[in-house]
Amino acid sequence: MSKLTLAAVAGASAAVGAATTAAFFGTRRQQEPAQAVTATSPTISVPSKTAPLPPAPIAVGTIDPKAAAAIAPVDPSGLFQYGFPGPVSDLRTASSLTSSYNRTTRNPNWVAEHITPASVLMREGDRRHSVFVEDLSIPEKFRAKLKDYFRSGYDRGHQVPAADCKWSQDAMNATFALSNMCPQVGEGFNRDYWAHFEDFCRRLTTFYPSVRIVTGPLYLPKKELDGKWKVSYEVIGSPPNIAVPTHFYKIIYAEDGKAGGNVSLGAFVLPNDRISNDKPLKDFEVPVEAVERAAGLEFASLLPPTRRKQLCKEVNCSVIVKEYADRQKAFAKPSPK
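Because the structure is predicted, anything quoted here is derived from the model rather than measured. (Residues numbered from 1 in each chain as written. Predicted model: local features only at pLDDT ≥ 70, side-chain atom pairs only at ≥ 80, totals over all residues. Heavy atoms only, no water.)

A. The arrangement of the overall build of the protein in detail. The number of helices and strands found in the protein is 10 helices and 13 strands. With 337 residues in all, the protein has 42% of them scored as buried. For the protein, contacts bridging at least 24 residues in sequence account for 72% of all contacts bridging at least 6. Just so you have it, the protein exposes about 19800 Å², and 56% of that area is on carbon and sulfur atoms. (Helix = DSSP H or I, 4+ residues; strand = E, 2+ residues; numbered from the N terminus. Buried < 20%, exposed > 50% of the residue type's maximum accessible area, 1.4 Å probe, protein only. Contact = heavy atoms within 4.5 Å. Areas by Shrake-Rupley, 256 points an atom, 1.4 Å probe, with all protein chains shown as cover.)

Below you can see the structure in the form of structure tokens.
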């Protein structure tokens, strides 16, 4: 299966019964229609016969731009006296994550985390002591709410997993804010293949001293019967305003720990649907640039090509299947004797 575009992801997704598609890359630009400008006719005063004649009009193109700006008849930025419309990406910085929230979809744009061999071995946090909470730092009218997920049929899917933040209870608690959640298919995905994928990320700390991960949702188009590509996704909540992503991405930066050292990059896109546990993880590998174009984000613009390695050429990119109940038992902090 080709890894060159997100079309490859669509093919892999179809194999697992997901309603998925590929984003366009290299789509021709559509010419934007010219906006009509309505000019208000000025009131013209006729000079008296005794008054001197007005100066001759200046030829077009000879007006000093600075002078023209000084006499502009409009002030579009005057709108800001009533407030800045946006968009606003609510940035959140917690001990265990940094995130950017999208007020339109009520999902994060991206959530970044950092794991190390030491952090994944610590067991100070216990999931049983954490509760899902609304993010009060986000204005109420744009906030994802607990009731929005009630009986929605979707899990509150962590973007930064709680299991990555067991090094302290506060760190784990921070992952339970709804600004770190997206609606995810539960059985077959969030509780299964996606969880195995998260485990793969943690296992990378056995090879690398530092692993950084960015996770987020995608809303990809699919080709309809009429041959047109369209973006379609479900919306949940009351009123319905939380978008259900069609896909999720992870960008992995496996660092060698040296100053100015190499970084092994891996980018993956998975459909928000049931995935068979025997599906190879490499089937979901895509170029970082493909995710950037689909998400409208940049993930490695400051990383020189000379420092880049391909993650799946450095390590075996595969998941290890564990039953959900067994994972939950292993996840809990041992009770004191």
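B. Layout of the packing of aromatic side chains. One pass over the full model with this rule turns up 11 aromatic pairs. Aromatic side chains Phe80 and Phe84 sit 5.7 Å apart centroid to centroid with 65° between the ring planes, which places their arrangement in the edge-to-face category. Aromatic pair Phe197 and Phe200: ring centres 6.3 Å apart, planes at 20°, arrangement stacked. Of this pair, Phe197 and Phe200 both sit in helix H7 (residues 193-203), separated by three residues, roughly a single helical turn. Judged by its relative accessible area of 0%, Phe197 is buried. One aromatic cluster is present, built from ring pairs that chain together Phe189, Trp194, Phe197, Phe200, Phe248 and Phe268. The ring of Phe132 has Arg156 lying over it, and the distance from NZ or CZ to the ring centre is 3.8 Å. (Phe/Tyr/Trp six-rings, centres within 6.5 Å; stacked < 30°, edge-to-face > 60°. Lys NZ or Arg CZ within 6 Å of the ring centre and 35° of its normal.)

C. Examining the environment of Asp170 more closely. Take Asp170: it is sitting in helix H5 (residues 169-174). By relative accessible area, Asp170 is classed as exposed at 61%. Along the backbone, Asp170 and Ala94 are 76 residues apart, and their C-alpha atoms lie at a distance of 9.2 Å.

D. Molecular detail of unusual backbone geometry. Residues Gly86 and Pro87 are joined by a peptide bond in cis, for which omega reads 5°. Inspection of the secondary structure puts Pro87 in the loop between helix H2 (65-70) and strand S1 (89-93). Pro239 follows Ser238 through a cis peptide bond whose omega is 0°. Within the fold, Pro239 resides in the loop between strand S9 (235-237) and strand S10 (240-243). The phi dihedral of Arg106 falls on the positive side, at around 60°, and the residue is not glycine. In this fold, Arg106 is placed in the loop between strand S2 (98-102) and strand S3 (107-115).

E. Focus on the nonpolar core. The biggest cluster of nonpolar side chains holds 37 residues, and the ones touching the most others in it are Phe197, Phe200, Ile252, Phe268, Leu270 and Leu311. At five residues, H7 tops the list of elements feeding residues into this core. Phe268 has contacts with Phe197, Phe248, Tyr249, Lys250, Ile252, Leu281, Phe284, Glu285, Val286, Leu311, Cys312 and Cys317, leaving out every residue within four places of it along the chain. (Core = buried A, V, L, I, M, F, W, Y, C linked by side-chain atoms within 4.5 Å.)

F. The arrangement of H7 in detail. Of all 11 residues making up H7, 10 are buried, and the element is well covered by its neighbours. Every buried residue of H7 is accounted for by Tyr193, Trp194, Ala195, His196, Phe197, Glu198, Asp199, Phe200, Cys201 and Arg202.

G. Local environment of the pairing of strand S6 (residues 210-218). For S6, a buried count of eight out of nine residues is recorded, marking the element as mostly surrounded by other parts of the structure. Here S3 runs beside S6; their pairing, made up of five bridges, is antiparallel. Bridging from a neighbouring strand, Val111 pairs with Thr215 of S6. Note that S6 and strand S11 (residues 247-255) share nine bridges and pair antiparallel. Bridged to Gly216 within S11 is Tyr249. (Pairing = 2+ DSSP bridges.)

H. Structural detail: the state of the cysteines. This structure, assessed with the given rule, holds one disulfide. Through a disulfide, Cys312 is tied to Cys317; the S-S separation comes to 2.1 Å. Where Cys312 bonds to Cys317 through sulfur, the torsion about that S-S bond is close to -100°, and the disulfide is left-handed. Both residues of the pair, Cys312 and Cys317, belong to the buried class. Cysteine Cys201 shares no disulfide, and the gap to the nearest cysteine sulfur, in Cys317, comes to 9.4 Å. (Disulfide = S-S within 2.5 Å.)

I. Up close: helix H8 (residues 288-295). Three or more residues of H8 are buried, namely Val288, Ala290, Val291 and Glu292. Looking one or two residues past H8, Gly296 carries a phi angle of roughly 70°, positive in sign.

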